[in-house]
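# Coordinate inspection notes
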Amino acid sequence: MNALAVKDLHVYIQGSHILQGVNFEVPANQVTALLGRNGVGKSTTLKAIMGLYPSTGSVKLFDKELNGVATHKIARGGVGYVPEDREVFSTLTVKENLNLAAHAENPNFELVYSLFPELLSRGAQRAGTLSGGQQQMVAIARPLLNKNQILLVDEPTKGLAPKLVAEVADALALVAHESTMLVVEQNLALVKRIAQFIVVMDQGKVIFEGGPENLHDEKFVHSMLGVSGGHN
Amino acid sequence: MDTFILISITGIGLGALYFLVASGLSLIYGLMGVLNFAHGTFMSVGAYMGLWFSTQVVHTTNTWTFIGALIVGGLGGGLFALIVEQLVITRLYERHIDQALVTVGVALVVGAMLGGWFTNDLRLLPTPTWFINIVKVRGAIIPVDRFLYIGVAALLLVVMLAILKFTRIGLIIRAGVENRHMVTALGINVRLAFSAVFFLGGFAAGVGGVLTAAYQNGVSPLTAGTWLIYGFIVVVVGGMGSIGGSALAAMLIGITKQFANYYIPGLGDFVIVFLLAAVLLTKPQGLLGKVSA
């Protein structure tokens, strides 16, 4: 069963045709990694699913059409979103960032604080003064407070130190047991660890769908992603 | 020394009126990116509502009547702001140039309607008799109404800061000023926050309309424009979206203008424009504004 089905998704930004008919599916209760070189439309795809960019085509969450629905209703409908570059509210405290995101009847602070105990001790600290890794914890924690049918995670390890990459990876691996996930990620080691399915994009289109075992093939990795798989 | 005290306190009194105009402008721009040129009409509508309450509903001239006029003026300004937001602004989200043009249009149309209805002449707003009293502060003779302006502005500042700090809608507004798209991505209907901000800003402007009518001895549709220009200057100097910045800038501008007019008669406005230019050159984001990403 598919949690999410994206069909013929097109996005234009300032006259440029960024997504040119994107098609893929995200199986329920699994982690799907959305891969591709920089600038091929991965983050745009997540934003279009969230309704943050106007788009044409179809995005169905368990047969419920999301395209054309207001962003806040998509989020309330069970689509959690962790944006690229964290986008925490820098002038709010950590606790205020979490409180703002909590809209479920019983927000799951227990899960969040068990994954990221540091957020409890830093509750009164302004998010803008946190390190990049701590901000990423806040960004991942926000949607986890609510019940999600799917979690969209955009480059969760971007710009993090190796130790923090491992910490975030551990957290995502745990979250993967709880929720369907669509992850945009450049770190192939992380993808191999948590993903059961991969989707590769190029020039605004999906060019490959399959299992993560393909990432062990150097030729595949080099031709599809333009990087060496062995070093990730 | 008494001259210094006199100019300082009257400057703070003037700054208090500027703050009432600027606070709503600042929040509206900070949250929604709307340069709201109709904000002066919120003042005018509030002032005429206060006048209507004082002269048509109750016919006495005492402190309670004036307090009633402030509340009615505030509610009138707030509700009118909400109507403008619902009828005009919500249809033009993200179309900033259109919003600016349409709000200029609203200001012109409402100003002309008020002028046609009430004429452009100053109509006297009844004030309590103690308004003409004076108090001595270390030898300086201060008109007592200045303390009222300062008190009302301080009260509204505290109320606004409390709403922003301690309520959920305040939390949404503070987050929305920083990144409204991310607020919606967290499942929050940010448009409700827009409406709350318009009401709050309109309320402050309406109260400001009644107080400026008392300050300038009357109500006229023609005076709101001048106050609005100062409101914009305060917002730019204080920093877009910062209520604290607006309060600080309003005081700075009020005091500077009074001192400038005393020592260089007639050049108060010029000095304020100079101050604005200096802030824009040295701190473009304003005194307490955030640096743009």
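Rules behind the numbers
- Residues numbered from 1 in each chain as written.
- Chains lettered and ligands numbered in written order.
- Predicted model: local features only at pLDDT ≥ 70, side-chain atom pairs only at ≥ 80, totals over all residues.
- Pairing = 2+ DSSP bridges.
- Helix = DSSP H or I, 4+ residues; strand = E, 2+ residues; numbered from the N terminus.
- Contact = placed C-beta atoms within 7 Å.
- Nonpolar A, V, L, I, M, F, W, Y, C, P; charged D, E, K, R; others polar.
- Axes fitted to C-alpha atoms, helices over the stretch in contact; angles between N-to-C directions.
- Parallel < 35°, antiparallel > 145°, perpendicular 65-115°, else oblique.
- Left-handed = near helix turned anticlockwise from the far one by under 90°.

### Digging into the sheet that holds strand β2 (residues 16-27) of chain A
If you trace the 4 strands from one edge of the open sheet to the other, you get β2-β1-β4-β5 (chain A), paired in antiparallel fashion. Two strands lie at the open edges of the sheet, namely β2 and β5 (64-65) of chain A, each paired on one side alone.

### Concerning the interface of chain A and chain B
Contacts between the two partners involve 19 residues from chain A, matched on the other side by 14 residues from chain B. Elements with a minimum of two residues in the side of chain A that touches chain B: α2 (71-76) and α3 (94-101) of chain A. Considering only residue class, the side of chain A that touches chain B consists of 9 nonpolar, 6 polar and 4 charged.

### Focus: the packing of helix α5 (residues 145-166) of chain B against helix α6 (residues 168-185) of chain B
All names here are of chain B. Axis separation between α5 and α6 bottoms out at 5 Å; the angle between their running directions is 85°. One element, α5, and the other, α6, form an angle in the roughly perpendicular class. Residues Ile 163, Leu 164, Lys 165 and Phe 166 of α5 pack against Gly 170, Ile 173 and Arg 174 of α6. Taken together, the residues that form the contact of α5 with α6 break down as 4 nonpolar, 1 polar and 2 charged.

### A short note on the packing of helix α1 (residues 2-32) of chain B against α5 of chain B
All names here are of chain B. Contact geometry of α1 with α5 gives a least axis separation of 8 Å together with a crossing angle of 40°. Accordingly, the angle class assigned to the pair α1 and α5 is oblique. Our pair here, α1 against α5, has a crossing hand that is left-handed. Here Ile 9, Thr 10, Ile 12, Gly 13, Ala 16, Leu 17, Phe 19, Leu 20 and Ser 23 of α1 lie close against α5, whose contacting residues are Arg 146, Tyr 149, Ile 150, Ala 153, Leu 156, Leu 157 and Met 160. Classifying every residue of the contact of α1 with α5 gives 12 nonpolar, 3 polar and 1 charged.

### Focus on the sheet that holds strand β7 (residues 150-154) of chain A
Residues and elements named next belong to chain A. Judged by pairing direction, the sheet is mixed, and its 6 strands sit side by side in the order β6-β7-β8-β3-β9-β10 without closing on themselves. Taken across any chain shown, the strands that pair with only one partner, and hence form the sheet edges, are β6 (79-82) and β10 (205-210). Across the sheet, the axes of successive neighbouring strands diverge by a mean angle of 20°, strand direction being ignored. Relative to β10, strand β9 (residues 197-202) runs antiparallel, the two sharing 5 bridges. By the bridge assignment, Val 200 is partnered in β10 with Phe 208. Across the face of the sheet, helix α1 (residues 42-49) comes into contact with β3 (31-35), β7, β8 (181-184) and β9 while running at roughly 145° to β7. Contacts from helix α6 (residues 132-144) reach β6 and β7 within the one sheet, and its direction differs from that of β6 by about 175°.

Nothing here speaks to function; it is geometry throughout.
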